[in-house]
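Listed below, chain by chain, are the residues.
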Amino acid sequence: MHITTVLEARPQFIKAAMVSRALAEHQHPFTETLIHTGQHFDANMSEVFFDELDIPRPDYNLGIGGGSHGQNTGRMLEKIEEVLLDTKPDLVIVYGDTDSTLAGALAAGKQHIPVAHVEAGLRSYNRLMPEELNRLLTDQLSSILFCPTETAVRNLKKEGFPNAVSPGHLQMIENVGDVMYDASLYYSKLADKKSAVLDRHSLGQDEYILATVHRAENTDDPEVLGGIIAALGDAGREKPVVLPLHPRTAARLEEFGIALPDGILVIEPVGYLD
């Protein structure tokens with residue numbers, strides 16, 4: 001069976017690595033083609049990333065990025081379609097809720113190739129989020145809906161799933177669990193051996209709070225961002241709050257004149273094992 005997997009963001013590669021390992025170890029013979037839609041080997045997708053995490057390198061790098069959601073999705077759809085026409089897979093796997101998730105599902109669906117959606121059924125019920133639109137549409141296009149939780153299964157059933165995606169062919173819903181939990185179990189062993197981040201920042205195991213703040217909904221409103229920082233400052237009185245600072249968050253803190261209280265330790269963004 002030939003599977004083509006469509007990926008864009010760094011977390012998707014980590015998720016897909018877990019599935020790729022399982023496919024390689026399965027007694028049934030699978031072959032897999034990896035399509036990376038994003039900019040090839042940017043700061044988050046360097047050789048170190050693939051080597052450190054033992055992640056398969058993509059077979060195709062489409063180099064699409066930097067445009068609007070509509071521009072990127074359209075360009076991805078065109079390029080993914082070209083690859084699918086060339087490779088003729090039996091199944092296309094997409095992950096999560098990025099623009100590549102929707103583009104991959106659309107490209108496959110228009111060629112009558114079954115689609116499997118990993119992390120199906122997740123909902124924020126906020127259609128102002130581009131990711132929510134990607135989730136909703138990808139689930140509609142998918143033949144196999146791999147859900148991470150029972151809540152995700154219930155979300156789909158509330159929306160009327162499973163549906164018939166073609167004559168005589170009904171969608172399949174499976175609660176398979178969270179592949180990021182699988183990744184945490186697998187990579188935590190590597191992190192124990194390779195990561196020295198706690199020593200670098202003089203932190204003790206379980207003696208700190210880790211916080212990240214980067215979503216536009218949390219960073220782009222001064223009242224919201226100020227409230228989050230104030231709450232982290234309160235928490236920092238009990239344990240140091242370690243804040244790997246996202247560039248967007250740093251820019252907004254400066255723009256809004258929000259000072260970081262004592263108890264928050266700002267560090268550079270870290271790699272996955274750290």
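Here we summarise the structure given alongside this text. Only a predicted model underlies this, so the values are computations on that prediction, with no experimental measurement involved.

## Considering the sheet that holds strand β10 (residues 209–210)
Next up, step 1: With parallel pairing, three strands are arranged side by side in an open sheet as β10-β11-β12. Only two strands of the sheet have a single partner each, and these edge strands are β10 and β12 (264–267).
Next up, step 2: Running over the sheet, helix α10 (residues 222–235) touches β10, β11 (241–244) and β12 and is turned about 115° from β12.

## Thoughts on the packing of aromatic side chains
We describe a pair of aromatic rings using the distance from one ring centre to the other and the angle between the two ring planes.
Next up, step 1: Under the counting rule described, the total for this entry stands at three aromatic pairs.
Next up, step 2: Residues F13 and F50 carry aromatic rings whose centres are separated by 5.7 Å and whose planes lie at 85° to one another, so their mutual orientation is edge-to-face. Of the two residues, F13 is situated in helix α1 (residues 10–25) and F50 in helix α2 (residues 47–53); the sequence distance between them amounts to 37 residues.
Next up, step 3: Under the relative-accessibility criterion, F13 is labelled buried at 1%.
Next up, step 4: Here the aromatic rings of Y186 and Y187 are separated by 5.0 Å at their centres, their planes lie at 90°, and the arrangement is edge-to-face.
Next up, step 5: Through a chain of ring-to-ring contacts, three or more aromatic side chains come together here, namely Y186, Y187 and Y272.

## A closer look at unusual backbone geometry
Next up, step 1: Cis geometry marks the peptide bond from F161 to P162, where omega comes out at -5°.
Next up, step 2: The topology assignment puts P162 in the loop between α6 (150–158) and β7 (164–166).
Next up, step 3: Backbone geometry places D54, a non-glycine residue, at a positive phi of 55°.
Next up, step 4: Here D54 is to be found in the loop between α2 and β3 (60–61).
Next up, step 5: Positive phi outside glycine occurs at D206, with the angle close to 65°.
Next up, step 6: In this structure, D206 sits in the loop between α8 (197–200) and β10.

## Digging into the packing of α1 against helix α7 (residues 179–194)
Next up, step 1: Two elements in contact, α1 and α7, have axes whose closest approach is 9 Å; the angle formed by their N-to-C orientations is 80°. By the angle class used here, α1 and α7 are roughly perpendicular. Where α1 approaches α7, its residues P11, I14, K15, A17, M18, V19 and R21 are matched on the opposing element by V179, M180, D182, A183, Y186 and Y187.

## Some thoughts on the side chain of N134
Next up, step 1: Within the secondary structure, N134 is located in helix α5 (residues 130–141).
Next up, step 2: By relative accessible area, N134 is classed as buried at 6%.
Next up, step 3: Within the structure, the side chain of N134 is placed 3.2 Å from the backbone oxygen of T98, a separation counted as a polar contact.
Next up, step 4: Separated by 3.3 Å, the side chains of N134 and D99 make a polar contact.

## Comments concerning the pattern of salt bridges
Next up, step 1: Tallied over the full model, the rule gives 13 salt bridges.
Next up, step 2: The salt bridge partner of R135 is D97, with a shortest N-O separation of 3.0 Å. Remark: D97 occurs in the loop between β4 (91–95) and α4 (99–110) and R135 occurs in helix α5; sequence separation between them is 38 residues.
Next up, step 3: For R135, a relative accessible area of 12% translates into the label buried.
Next up, step 4: The partner of R135 in a salt bridge is E132, with the nearest N and O atoms 2.5 Å apart. On the criterion of helical spacing, the pair formed by R135 and E132 is a turn pair, its members being three residues apart in helix α5. No difference in accessibility class separates R135 from E132, as the two residues are buried.
Next up, step 5: A network of salt bridges, in which partner residues are shared, links D97, E132 and R135.

## Observations regarding helix α3 (residues 69–87)
An α-helical turn contains 3.6 residues, so any two residues separated by three or four positions project in the same direction.
Next up, step 1: In this model α3 runs 26 Å from its N-terminal to its C-terminal C-alpha over 19 residues, within 8% of the 27 Å that 1.5 Å per residue would give.
Next up, step 2: Taken together, the buried positions of α3 are N72, T73, M76, I80, V83, L84 and T87. Within α3, the buried residues cover an arc of 95° as seen down the axis, which keeps them to one side. Seen from the buried face of α3, the exposed residues on the opposite side, beyond 90 degrees, are G70 and D86.
Next up, step 3: Tucked into the core, α3 has its buried residues touching β1 (2–7), β2 (31–36), β3, β4 and α4.

## Overview of the side chain of T4
Next up, step 1: On the secondary structure map, T4 appears in strand β1.
Next up, step 2: Residue T4 is classed as buried on the basis of its relative accessible area, which comes to 0%.
Next up, step 3: Those residues in contact with T4 that lie beyond four places of it in its chain are T33, I35, L84, T87, P89, L91, V92 and I93.

## Let's talk about the pairing of β1
Next up, step 1: Counting buried positions over the six residues of β1 gives six, a clear majority of the element.
Next up, step 2: Residues H2, T4 and V6 line one face of β1 and the alternating positions I3, T5 and L7 line the opposite face, and both faces are buried.
Next up, step 3: As paired strands, β1 and β2 are joined by six bridges and run parallel to one another. Bridge pairing in β2 places H2 opposite T31.
Next up, step 4: One ladder, built from four bridges, connects β1 with β4; its direction is parallel. Paired with T4 across the strands is V92, a residue of β4.

Conventions adopted
- Residues numbered from 1 in each chain as written.
- Predicted model: local features only at pLDDT ≥ 70, side-chain atom pairs only at ≥ 80, totals over all residues.
- Heavy atoms only, no water.
- Pairing = 2+ DSSP bridges.
- Helix = DSSP H or I, 4+ residues; strand = E, 2+ residues; numbered from the N terminus.
- Contact = heavy atoms within 4.5 Å.
- Axes fitted to C-alpha atoms, helices over the stretch in contact; angles between N-to-C directions.
- Phe/Tyr/Trp six-rings, centres within 6.5 Å; stacked < 30°, edge-to-face > 60°.
- Buried < 20%, exposed > 50% of the residue type's maximum accessible area, 1.4 Å probe, protein only.
- Parallel < 35°, antiparallel > 145°, perpendicular 65-115°, else oblique.
- Polar contact = N/O pair within 3.5 Å; in protein donor to acceptor, adjacent residues only side chain to side chain.
- Salt bridge = Lys/Arg side-chain N within 4 Å of Asp/Glu carboxyl O.
- Expected span 1.5 Å × (residues − 1).
- Arc of directions from axis to C-beta.

None of this, on its own, says anything about what the molecule does.
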